[in-house]
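# Report on the structure
Each chain is listed here by its residues.
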Amino acid sequence: MKKRLKTRIGRRQFLRQSLATAGGLTLPLYIRPSALGLQGRVAPSERIVVGGFGLGPRGQEDLRNMLEEPDVQFVAICDAQRERREQVKQIVDRKYGNSDCVMYRHPFELLAREDIDAVLIATGDRWHTLASILAARAGKDVYCEKPCSMTIAESRALAETFRRYGRIYQAGTQRRNIGNFIFAVQLVWSGKLGALKTVHANTLPPATTHEWLPEEPLPPKEEVDWDLWLGPAPWRPYNSRYVRGGWRGFFDFHGGGILEWGSHTVDLCQWANKADNTAPIEYEPVGNHVHALYANGVRLVMRDTGWLGLGTCSVRFEGEEGWIETGDTGRIVVWPESLRGEVPVFTEPGTAPRRHIRDFLNCVKTRSQPAANADVACQSHIACHAAYIAWQLGRKLRFDPAKDEFIGDDEANRMRSRAIREPWHI
C-alpha cells in the first residue's frame, strides 16, 4: 500500500495519456469497478498487502479474520513446513478464487518483496522476536502472535527496533480490544472500586523441561526444513512431535506457563494499573504462584488457581471499596452489588482477534500506535520473564525496571537473555 501510493497516477491523467497514445482517437476503455474502488470494493492502491510467517492453527484463525477485511490483500506464505505452506495457500486461494498466493520456505524470500506492506507472524515462540525484527528492518509492519519474546533482552530489543525503524507493531494480545476486559479496566479507572490495591493475573503452571524427545529420521528439507524450523533456538535432534505443535513445555522453545497466559493477563493488569511503561520492582515465588509489587504500591498476583470460573485468561482487580473479575466467557462478577446494574452483557469471547486485527490495520494506515504496540508488549513480557526467573531460582528478587536489571543478583541477571544460534542474531 505505502509504496504504491507514492507512484500511482490519477484517473484523469491516466485517461489523458491513454487518449494521447491513441492519437486522439476515442477508443472504448473498460476498467473493472473493483480497480477504481467502486461497488463497495477497496481500490488496489488503498489495500494493505500482507504476507505470513508460520501460520498454524492460531495463525490460520488470524488469517481468516484478516481475509474478511476488505482492505487486506494476502499474497504470500512462508513456512519451514510444506504442509503448512499448502494449507495457507489453499485458504487464501479459495477466498480469492484464484491460485495467486505464493509459497516460500525462507523468510528472506518473502521479506525481499517490495509490494508487501505488513506480515502476520504466528510461528512458535522461538521465532517471534527475530521474525518481527527482520520484518521491521525490511520496512514491514507486523502483527505477531504472543508471547512476543523469549527473554527480557529480546523484549527490549523488540521495542527498540520498532521505535528506531518507525514501523507499526501489534502483539496478538487481543484482549485489549475485547469488551468485557475494556469495561473492567475502565471501571478501575473510574474510581468506583476505590484506590487500586491488588491485580490478579491468571497464569499456568510455570515449569518447563530441559529434556529432549528421542531422535527420529530427518525428513527431506522441502517437507520440513528442520534447521530453519529451529531458527535461533539451540540445535537438537529432529522429532516430529515438535513440528506438530508439541514444542510447548520444552525450555529451548517455550517461556513457561507464566508467560503463556501472562502475556495476556499480566498485560491487562499492567493496563489497569496504568503501568504500561514499567514493570514490578519485586518478585516472590509462592509455590506455583508469583507475587509482585509495583513502585506505586499495587500488588500483582500471578496464579493458576482460585478463580471464579469465568473462563480462561481471567483477571481480577481489587480496590479499597470493591473488586471486579472477568475472563474469556465475557461474564463479569463485581462487588459491591450496587455496581451490578452497570455491567453490560458481553458475548464476544476473549480469544476473538477480529477487533484487534482491525485496530492494527487502521494504525498501518494512520501510523498511530495500536493498543498492544511494541512498547506495551515489551513491558508486560518483561514482568512475565522476571517472574519466571524468580520462580526458577526459588527466591525473592528485586528489579530495576529503568535498567532491566535485578538488584544484587548476578545469577538472575545472567538469565535475562539466551544464546542465539548462528547465523541468526538480533
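In terms of regular secondary structure, the protein chain is built from 14 helices and 15 strands. The globule rule puts the C-alpha radius of gyration for 426 residues at 22 Å, and the 24 Å found for the protein chain is close to it. Here the C-alpha coordinates of the protein chain stretch approximately 80 × 60 × 35 Å along the principal axes. Counting over 426 residues, the protein chain shows a buried share of 55%. By sequence separation, contacts in the protein chain at least 24 residues apart represent 69% of the contacts at least 6 residues apart. Carbon together with sulfur atoms contributes 52% to the accessible area of the protein chain, which is approximately 18800 Å² in total.

It is the contact of helix α3 (residues 57-67) with helix α4 (residues 82-96), at a shortest axis distance of 11 Å, that shows an interaxial angle of 15 degrees. Classified by the angle their axes make, α3 and α4 are roughly parallel. By crossing handedness, the relation of α3 to α4 is classed as right-handed. Between α3 and α4, the contacting residues are P57, Q60, L63, R64 and L67 on the first element and R84, Q87, V88, I91, V92, K95 and Y96 on the second. Residues belonging to the contact of α3 with α4 are distributed by class as follows: seven nonpolar, two polar and three charged.

Turning to the domain arrangement of the protein chain, a few remarks are in order. Segmentation of the protein chain into domains returns domain 1 (12-173) and domain 2 (176-207 + 255-350 + 375-414). Look at where the C-alpha atoms of domain 1 and domain 2 centre, and you get two points 33 Å apart. Interface area for domain 1 against domain 2, summed over the two sides, is near 1400 Å², with a carbon-plus-sulfur share of 55%. When the buried area of domain 1 at its contact with domain 2 is split by residue, I152, R156 and T173 rank highest and sum to 43% of it. In this assembly, domain 1 and domain 2 are joined by three salt bridges. For K146, the salt bridge identified is with E260, shortest N-O distance 3.6 Å. Along the contact surface separating domain 1 from domain 2 lie eight residue pairs in polar contact (both at pLDDT 80 or more). Where the side of domain 1 that touches domain 2 is concerned, the elements lending two or more residues are α7 (152-165) and β6 (169-171). In terms of residue class, the side of domain 1 that touches domain 2 is built from seven nonpolar, six polar and four charged.

The next thing to look at is the sheet that holds strand β15 (residues 405-406). Ordered in space as β13-β12-β11-β7-β10-β9-β8-β14-β15, the nine strands form an open sheet in which the pairing is mixed. Each edge of the sheet is formed by a strand with only one pairing partner; in this case those strands are β13 (332-335) and β15. With four bridges joining them, strand β11 (residues 315-319) and strand β12 (residues 323-326) adopt antiparallel strand pairing. By the bridge assignment for β12, V315 is matched with T326. Taken strand by strand, helix α8 (residues 179-190) contacts β7 (196-202), β11, β12 and β13, and its axis lies near 170 degrees from that of β12. Against the sheet, helix α13 (residues 374-393) contacts β8 (282-286), β9 (289-293), β10 (299-303), β14 (397-400) and β15, and its axis sits at roughly 50 degrees relative to β8.

Take the layout of surface pockets next. Looking at the largest pocket, its volume works out to about 750 Å³. In this structure, the largest pocket is lined by 42 residues; those nearest its centre are A122, T123, G124, W247 and R248. Of the residues forming the lining of the largest pocket, the biggest block, six residues, is contributed by helix α6 (residues 125-137). Residue composition of the lining of the largest pocket, grouped by class: 18 nonpolar, twelve polar and twelve charged. Shared between two domains, the lining of the largest pocket takes at least three residues from each, and those domains are domain 1 (12-173) and domain 2 (176-207 + 255-350 + 375-414).

Strand order in the open sheet formed by six strands is β3-β2-β1-β4-β5-β6, with parallel pairing between adjacent strands. Of all the strands in the sheet, the pair left with one neighbour each is β3 (102-104) and β6. Adjacent strand axes in the sheet meet at a mean angle of 20 degrees when their direction is disregarded. Examined bridge by bridge, strand β5 (residues 141-144) and β6 share three bridges and lie parallel to one another. Note that in β6 the partner of V142 across the bridge is Y169. Most of the contacts of α4 go to strand β2 (residues 72-78), to which it runs at about 160 degrees, and overall it touches β2 and β3. Packed on one face of the sheet, helix α12 (residues 354-366) meets β1 (48-53), β2, β4 (118-121), β5 and β6 and runs near 170 degrees to β5.

Of all five residues that make up β9, four are buried, and the element is covered over most of its length. Examined bridge by bridge, β8 and β9 share five bridges and lie antiparallel to one another. Looking at the pairing, E284 lines up with H291 of β9. With antiparallel pairing between neighbouring strands as the criterion, β8 and β9 make up a hairpin whose turn holds two residues, including G287 at a positive phi of roughly 65 degrees. Of the pairings in the sheet, the one linking β9 to β10 comprises four bridges and is antiparallel in character. Note that in β10 the partner of L293 across the bridge is R299. Linking β9 to β10, which pair antiparallel, is a turn of five residues; within it G297 sits at a positive phi near 95 degrees.

What counts and what doesn't
- Residues numbered from 1 in each chain as written.
- Predicted model: local features only at pLDDT ≥ 70, side-chain atom pairs only at ≥ 80, totals over all residues.
- Heavy atoms only, no water.
- Helix = DSSP H or I, 4+ residues; strand = E, 2+ residues; numbered from the N terminus.
- Rg over C-alpha atoms; globule rule 2.2 N^0.38 Å.
- Buried < 20%, exposed > 50% of the residue type's maximum accessible area, 1.4 Å probe, protein only.
- Contact = heavy atoms within 4.5 Å.
- Areas by Shrake-Rupley, 256 points an atom, 1.4 Å probe, with all protein chains shown as cover.
- Axes fitted to C-alpha atoms, helices over the stretch in contact; angles between N-to-C directions.
- Parallel < 35°, antiparallel > 145°, perpendicular 65-115°, else oblique.
- Left-handed = near helix turned anticlockwise from the far one by under 90°.
- Nonpolar A, V, L, I, M, F, W, Y, C, P; charged D, E, K, R; others polar.
- Domains from an automatic or database assignment.
- Buried area = accessible area lost by both parts, 1.4 Å probe.
- Salt bridge = Lys/Arg side-chain N within 4 Å of Asp/Glu carboxyl O.
- Polar contact = N/O pair within 3.5 Å; in protein donor to acceptor, adjacent residues only side chain to side chain.
- Pairing = 2+ DSSP bridges.
- 1 Å grid on protein atoms, 1.4 Å probe; cavity = no way out; pocket = protein on both sides within 12 Å on 5 of 7 lines; lining within 4 Å.
- Points joined across faces, edges and corners; volume = space filled by probe spheres on them.

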